[in-house]
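Here is what each chain is made of, one letter per residue.
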Amino acid sequence: MSAATTNQAGAPRSTRRAPWPGRAGHGFVAAYLLLLIAFGVVPTVYAVYFAFTDGDGGFSGLSNFATAARDFRYLPAIGHVALYLVFWLAALVIFVVGLSLLLHRLSARGVSRALRFLYYIPGALAGAASVMVWLFLLDPTVSPASFLLRALGYDTFGQVIAPGHLPILFTLIAFWTGAGGWIVVMYGALNNIPHDLIEAARIDGAGAWQTARRIQIPLLRKWIVYMVILAFAGGTQLFVEPQLLSQASVGVAGRDYSLNQLSYDFAFQNNDVNTAAAISVELLVVGLVVAALFVARSGFFDAD
Amino acid sequence: MPTDTRTALSHAAPVAGTRPPGGERTRRRGHLARNPLPALVLALFVVFFVLPVLWLVLAATKTDDQLVHGNPLSFGSWHALRANWDALTAYQGDAIFLWLRNSALYSFAALVITLAVAVPAGYALAMTEFRGRRTLLIATLVVMLMPNATLVVPLFLEINAVHLIGSMWSIILPYSFYPFGVYLAYIYFSTALPRDLMDAARLDGCSEFGAFRRVALPLAAPIVALVGFFSFVANWTNYFLPYVLLPESNQFPVQVGLGTLLDDVPQFNPTVGNLAVQRPELALATLLAITPVLVVFLFSQRFLVAGMLAGATKE
């Protein structure tokens with residue numbers, strides 16, 4: 001974890017940290033530690049235990065992972081999530097960075113602030129609510145954008161939610177609810193770029209595009225990486241969108257679409273918690289590795 | 001409290017609106033006037049982000065027939081809104097209120113515990129030295145970056161093993177475990193609380209707990225609001241955890257309740273019989289489900305900006 005300590009400019013406390021006598025620190029963190037163990041560590045250990053045992057509690061090696069991998073829904077689910085991630089991450093990077101740059105160039109600060117807030121509003125509909133809204137929006141009979149759907153040749157809800165469209169539709173939903181928050185973050189990061197730098201570029205004759213490409217975007221890089229990492233980790237956990245969509249289409253679209261759904265179905269449809277745990281462990285490893293690598297390598301967090 | 005989060009997190013969080021104004025304004029305006037494309041793109045995205053919300057609000061005021069045949073962006077009638085309200089509240093005998101009440105119960109109980117746990121923990125991580133401090137901090141960062149859906153199925157296995165399935169604590173306690181809140185508190189205390197102040201309190205004879213209670217806690221109002229905001233929004237909008245952990249419909253939070261309603265909408269599920277929920281009722285229910293979060297958003301824009309940035313910065 002040495003990289004985490006490199007970024008200490010502006011954090012003088014680390015040199016001044018005077019050890020306090022006694023053990024009061026433990027008292028202050030005790031409750032948190034308890035929750036961390038109960039709802040962070042124990043479920044992880046428990047899932048690993050289940051993943052490597054059979055129904056009777058005997059050690060079963062990798063057989064649960066093999067069961068999961070042999071399931072006809074397993075590889076397609078990985079493919080679905082991977083494809084969704086491609087669209088979702090591309091949309092996020094292109095539009096969030098693009099819109100933030102445009103907002104940052106706006107001369108009227110009030111307008112820029114208002115737009116950022118408007119973009120952020122769908123964040124309030126995170127979770128099931130956003131899926132409800134999009135079920136309506138994607139139904140040509142009631143959608144306010146039905147002219148668009150019809151222009152694309154889709155006259156029924158069933159045509160819109162054809163399997164091939166799902167990665168794009170889930171991207172739309174995720175982007176609609178999540179992009180606003182990231183725009184707020186990127187805008188803040190743009191504000192952090194010293195004004196002199198932008199000014200110097202302008203004096204050197206750089207236009208808006210050149211400034212963005214050669215100065216702003218490179219300086220945003222670590223923020224973009226942060227966004228991509230978090231969005232990637234979150235995207236692998238896809239659940240609520242396909243789950244509700246499969247409900248809304250009576251299982252036609254979105255059933256067992258993602259790995260989390262598959263894990264859920266193994267646990268609750270097949271009563272096979274061991275295979276469910278195996279899939280959970282795989283997802284857990286992805287989340288854990290991504291998070292740990294990021295904390296250790298990015299220098300983003302200063303953990304003294 | 002005089003200290004607001006902006007100053008507290010100032011070196012970490014570049015808060016909107018700090019860009020120096022200047023003579024370039026006019027130049028920029030001139031530039032924009034020459035090229036209408038940026039304004040057009042920005043406006044287009046306003047439509048993309050806001051129109052669905054607007055449509056949702058209007059949909060609740062219509063009959064299903066108006067929803068299909070009327071102008072999508074027209075107001076239906078107060079009468080239809082009233083009828084939708086009556087039909088929705090009659091669904092399974094006040095189920096919608098029960099769900100909203102459950103959501104409120106889970107979110108607020110978790111909020112209280114989160115604050116009681118996260119603020120002292122963040123304080124200890126920032127201001128005291130103890131064995132395992134660094135390990136705890138790193139663990140917090142890692143768990144904070146992991147999506148909270150990761151642990152849902154494992155949590156189910158654990159809660160099932162201790163026979164707590166169906167208890168409201170099976171929701172409230174996992175909600176109360178909120179590493180991001182601890183991290184926010186840690187950042188706040190380590191940047192905003194002068195160490196000298198704590199040393200002075202200690203010299204004056206304060207015990208460590210006394211120093212926390214008399215000096216740190218009174219200064220912690222901004223972080224209480226900030227952690228509270230994020231915890232509330234995260235828990236109110238959580239779907240996966242209660243969906244997996246709660247077996248009974250009368251325990252559902254409103255997010256999961258929406259899914260139940262959806263199952264009874266004939267246009268989405270042709271097999272439903274006389275239980276049918278009309279689409280405008282579903283729209284109204286969705287609207288009710290998001291109102292608390294929307295209200296919180298409107299009143300705490302500033303927290304939101306500061307917090308989202310603080311979540312990721314120490315420069």
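Quick caveat, the model's predicted, so the values are computed rather than measured. (Residues numbered from 1 in each chain as written. Chains lettered and ligands numbered in written order. Predicted model: local features only at pLDDT ≥ 70, side-chain atom pairs only at ≥ 80, totals over all residues.)

Undergrad: Looking at this structure, I do not really get the overall build of chain A. What am I missing?
TA: In terms of helices and strands, chain A carries 14 helices and zero strands. Counting from the amino terminus, chain A carries its helices and strands in the arrangement α-α-α-α-α-α-α-α-α-α-α-α-α-α. Dimensions of chain A, computed from the C-alpha atoms along their principal axes, are close to 70 × 70 × 30 Å. The buried share of chain A, reckoned over its 304 residues, is 45%. Sequence-distant contacts, at least 24 apart, represent 70% of the contacts inside chain A between residues at least 6 apart. (Helix = DSSP H or I, 4+ residues; strand = E, 2+ residues; numbered from the N terminus. Buried ≥ 20, exposed ≤ 12 C-beta atoms within 10 Å, placed from the backbone. Contact = placed C-beta atoms within 7 Å.)

Undergrad: I tried to follow the overall build of chain B on my own but got confused; where do I start?
TA: The helix and strand inventory of chain B stands at 17 helices and zero strands. Across the 315 residues in chain B, those meeting the buried criterion constitute 50%. Long-range pairs, those at least 24 residues apart, make up 75% of the contacts in chain B with a sequence separation of at least 6.

Undergrad: Explain the interface of chain B and chain A here, please?
TA: A common way to report how large an interface is uses the accessible area buried once the components associate. With 98 residues of chain B at the interface, the matching set in chain A holds 99 residues. Residue contributions to the side of chain B that touches chain A peak at 13 residues, all from helix α3 (residues 37-59) of chain B. Partitioned by chemical class, the residues of the side of chain B that touches chain A number 70 nonpolar, 14 polar and 14 charged. (Nonpolar A, V, L, I, M, F, W, Y, C, P; charged D, E, K, R; others polar.)

Undergrad: I tried to follow the environment of Asp155 of chain A on my own but got confused; where do I start?
TA: As for its placement among the helices and strands, Asp155 of chain A is situated in the loop between α7 (146-151) and α8 (157-160). Excluding its chain neighbours within four sequence positions, the residues that come into contact with Asp155 of chain A are Pro140 and Arg150 of chain A.

Undergrad: Sorry, what's going on with the packing of helix α13 (residues 259-268) of chain A against helix α14 (residues 273-297) of chain A here?
TA: The geometry of a pair of packed helices is captured by two quantities: the angle between their axes and the separation between those axes. Residue and element names in this part refer to chain A. Following both chains from N to C, one finds α13 and α14 inclined at 160°, their axes separated by 7 Å at the closest point. Considered as vectors, α13 and α14 are oriented roughly antiparallel to each other. The two elements α13 and α14 meet at a crossing, and its hand is left-handed. Of the residues in α14, those touching α13 at Leu259, Asn260, Leu262, Ser263, Phe266 and Ala267 are Val273, Thr275, Ala276, Ile279, Ser280 and Leu283. Taken together, the residues of the contact of α13 with α14 sort by class into eight nonpolar, four polar and no charged. (Axes fitted to C-alpha atoms, helices over the stretch in contact; angles between N-to-C directions. Parallel < 35°, antiparallel > 145°, perpendicular 65-115°, else oblique. Left-handed = near helix turned anticlockwise from the far one by under 90°.)

Undergrad: Explain the nonpolar core here, please?
TA: Within the largest apolar cluster, 185 residues are counted, with the highest numbers of intra-cluster contacts made by Met186 of chain A together with Ala118, Ala121, Tyr123 and Ala185 of chain B. Taken domain by domain, the makeup of this core includes at least three residues from each of domain 1 (23-90) and domain 2 (95-310) of chain B. Apart from the residues within four sequence positions on either side, Ala185 of chain B is in contact with Ala118, Val119, Ala121, Gly122, Tyr123, Ile223 and Val227 of chain B. (Core = buried A, V, L, I, M, F, W, Y, C linked by C-beta atoms within 7 Å. Domains from an automatic or database assignment.)

Undergrad: Explain unusual backbone geometry to me, please; I cannot follow it from the model alone.
TA: Most peptide bonds take the trans configuration, and most residues that are not glycine carry a negative phi. A positive phi angle, close to 50°, is found at Asn271 of chain A, a residue other than glycine. Of note, Asn271 of chain A is situated in the loop between α13 and α14. Residues other than glycine seldom take positive phi values, yet Gln92 of chain B does so here, at roughly 45°. Note on placement: Gln92 of chain B falls in the loop between α5 (78-90) and α6 (95-127). Here Gln92 of chain B falls in the partly exposed class, since 15 other C-beta atoms lie within 10 Å of it.

Undergrad: Even after reading the chapter, I still don't get the domain arrangement of chain B, so can you show me in this structure?
TA: Residues and elements named next belong to chain B. Annotation of chain B at the domain level lists domain 1 (23-90) and domain 2 (95-310). Between the C-alpha centres of domain 1 and domain 2 the distance comes to 30 Å. Taken together, the contact pairs 13 residues of domain 1 with 11 residues of domain 2. Elements supplying a minimum of two residues to the side of domain 1 that touches domain 2: α3, α4 (64-69) and α5. In terms of residues, the side of domain 1 that touches domain 2 owes the most to one element, α5, which gives five residues. Class assignment for the residues of the side of domain 1 that touches domain 2 results in eight nonpolar, three polar and two charged.

Undergrad: I keep staring at helix α9 (residues 166-191) of chain A and nothing clicks. Help me out?
TA: Since the α-helix packs 3.6 residues into each turn, any two residues three or four apart lie on the same face. Residue and element names in this part refer to chain A. With 26 residues, α9 should cover 38 Å at 1.5 Å per step; its first-to-last C-alpha distance of 36 Å lies within 8% of that length. Of all the bends in α9, the greatest, near 45°, is centred on Gly178. Of all 26 residues in α9, 23 are buried; the element is thus mostly enclosed. (Expected span 1.5 Å × (residues − 1). Bend = angle between axes of the 7 residues up to and from the residue.)

Undergrad: Mind showing me how you'd approach the packing of α5 of chain B against helix α16 (residues 279-299) of chain B here?
TA: Residues and elements named next belong to chain B. The contact between α5 and α16 brings their axes to 9 Å, and the two run at 80°. For the element pair α5 / α16, the angle class is roughly perpendicular. Contacts between α5 and α16 involve Asn84, Trp85, Ala87 and Leu88 from the first element and Pro280, Glu281, Leu284 and Ala285 from the second. Per-class residue counts for the contact of α5 with α16 are six nonpolar, one polar and one charged.

Undergrad: Hey, could you run me through the confidence of the model for chain A in this one?
TA: Close reading of the predicted structure is inappropriate where its pLDDT is low. For chain A, per-residue confidence averages 86 on the pLDDT scale, and 91% of positions sit at 70 or higher. The least confident element of chain A is helix α1 (residues 13-16) of chain A, whose mean pLDDT is 43; the most confident is helix α4 (residues 74-105) of chain A, at 94. (pLDDT = per-residue confidence, 0-100.)

Undergrad: How should the confidence of the model for chain B be read in this particular structure?
TA: Residue and element names in this part refer to chain B. Overall, the prediction assigns chain B a mean pLDDT of 82, with 83% of residues at 70 or greater. Scored below 50 in pLDDT, residues 1-32 makes 62 contacts in the model with residues more than four places away or belonging to other chains. With a pTM of 0.84, the predicted complex shows an ipTM of 0.85.

Undergrad: Is there a simple way to explain the environment of Gly164 of chain A in this structure?
TA: Residue and element names in this part refer to chain A. Positionally, Gly164 belongs in the loop between α8 and α9. By C-beta crowding, Gly164 is classed as exposed, having 8 other C-beta atoms within 10 Å. On a C-alpha basis, the gap between Gly164 and Leu35 in space is 42 Å, while along the polypeptide they are 129 residues apart.

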